[in-house]
Structures are given as C-alpha cells and as structure tokens.
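# Residue-level structural notes
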Amino acid sequence: MRKFKTFLGCCLVVASSFTWAATSPVPMLEKTADQIIDTLDKNKGQLKKNPQLVQRTVREHLLPHIDVQGMARSVLGRNAWTRATPDERGRFTQAFSSLVVRTYAAPLAEYSNEKIMFLPERAAPSGRFTRVNSVIIRPNGQKIPLSYSLVLKHGTWKVYDLSVEGVSLLQSFRTQFGQILKMTDMDALIMQLNKQNNSERQAA
C-alpha cells in the first residue's frame, strides 16, 4: 500500500508539472496587451506630451510578466555577470529594467488605434520555453511582427525576449553592452544606462 501511495504521489507531481508546461501563455499576453491598449486609447491626446504616462502603463501591466533578472544576466553574458559584485548586479538590473520599459514604451507614444493580434500557437508548450507570435496592425493596414520568447518559472510564464520584425531585443542589447564593456567596466556601463534613463525623464 505504501509503495502504491508513493507511486501515486509521483504520478500527481508529474501530472501537475505537465499541466503547468502545457498551459498556454497567450491569454496572459492578450490580457496584458488589452490593458495597455485600453489605457493608451483613453489617454490618446496626452501620449506625445507625456511619455511618462506610457512608461507607467508598460511598467504596471507588462513589467510584472518579464523575467528582468534573467534578461539582465543574459545580456551581460556569463563572464561579465559572474565577475560583477552583488551590488553591481542589483544596480545593473534596476537600470536595465528601466531601459526595457523605455524601449517598449517609445513607439507606443505614437499610438493611433493600433491593434494587436496574437497568432495561434503551432503546438502546445512541452517544456520550459515557448514562443508566441503576434502582429501589430496599424490603421493603414501595415503589419508589424512582434514575437515573445517566454520561460516557465515556478509555474508562471515570464517573457525573456522580444523580437520586432525579427530583431531580438536581447541580442541587440547583448551586442551593445559587450562593446561598451570591452572599453570600460561595469560601473561605467551602469552610469551610462542611468544617465540615459534620467535624460529621458527630464525630457518628458
């Protein structure tokens, strides 16, 4: 009987893990997109004059679903991340978080009734990673491909990369930061990111 209970317990754990892995992240992404679009639509007249409103919207609705620490570690690369002190990692992650928000929010300041359509997944997620494709449809009919790469963490899907028209945000930043770190150090990189983030706030 004890062996049977142990076997049953193992089966339940496996079944639970399978359920987590098989759950689609599309509903979460659709809800997030709807929340952002709804806020932009209600404040359309203020967007160009107040980019901070757009950034607050992205920070509130999208950022909780982004694996910021995982992205920060990935864009730096294993060697740079390992060499960095805990304090440097924390400050870099915070600065990088603001950069991700600014990057995603920038084109939304030009919002003019765009729609986001999520494409059906080719197959149900079967592991820790999956990719969801969507299309931003402009009023003139132009379609802009936007893809989300996600990782399953503790039963929750987190975005760890965004690709616009095939260009990976993660890869772009990794190349950019790698070039900076060849000429300077982590502290200088963090200062540069903070300077950029602060200049955008002041311009707003």
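Owing to the predicted nature of the structure, the values given are computational and were not obtained by experimental measurement.

Within the span of helix H4 (residues 68-76), buried status applies to Val68, Gly70, Met71, Ala72, Val75 and Leu76. Phi turns positive, to about 90°, at glycine 77, one or two residues after H4.

Turning to the sheet that holds strand E1 (residues 115-118), a few remarks are in order. Ordered by their spatial adjacency, 5 strands build an open sheet running E1-E2-E3-E4-E5, and the pairing between neighbours is antiparallel. With partners counted over all chains shown, the strands left at the sheet margins are E1 and strand E5 (167-168), one partner each. Across 4 bridges, E1 lies against strand E2 (residues 129-137) in antiparallel orientation. Looking at E2, one finds that lysine 115 is bridged to isoleucine 137. Running over the sheet, helix H2 (residues 26-42) touches E1, E2, strand E3 (143-153) and strand E4 (156-164) and is turned about 175° from E1.

Summing up the model confidence of the protein chain, the mean pLDDT is 84 and the portion of residues at 70 or higher is 84%. In the model, residues 1-22 has pLDDT below 50 throughout and makes 10 contacts with residues more than four positions away in sequence or in other chains.

What follows is about the pattern of salt bridges. Summed over all chains, the structure comprises 6 salt bridges. Between aspartate 67 and lysine 153 there is a salt bridge; the shortest N-O distance is 3.0 Å. Here the residue aspartate 67 occupies a position in the loop between helix H3 (51-61) and H4, and lysine 153 occupies one in strand E3, the gap between them amounting to 86 residues. Its relative accessible area of 10% is what places aspartate 67 among the buried residues. A residue is classified by how much of its surface remains accessible, and lysine 153, at 28% relative accessible area, is partly exposed.

Right, let's get into the environment of valine 159. Among the secondary structure elements, valine 159 is positioned in strand E4. Under the relative-accessibility criterion, valine 159 is labelled buried at 2%. Separated by 130 residues in the primary sequence, valine 159 and leucine 29 place their C-alpha atoms 9.5 Å from one another.

The rules behind each value
Residues numbered from 1 in each chain as written. Predicted model: local features only at pLDDT ≥ 70, side-chain atom pairs only at ≥ 80, totals over all residues. Heavy atoms only, no water. Buried < 20%, exposed > 50% of the residue type's maximum accessible area, 1.4 Å probe, protein only. Helix = DSSP H or I, 4+ residues; strand = E, 2+ residues; numbered from the N terminus. Pairing = 2+ DSSP bridges. Contact = heavy atoms within 4.5 Å. Axes fitted to C-alpha atoms, helices over the stretch in contact; angles between N-to-C directions. pLDDT = per-residue confidence, 0-100. Salt bridge = Lys/Arg side-chain N within 4 Å of Asp/Glu carboxyl O.

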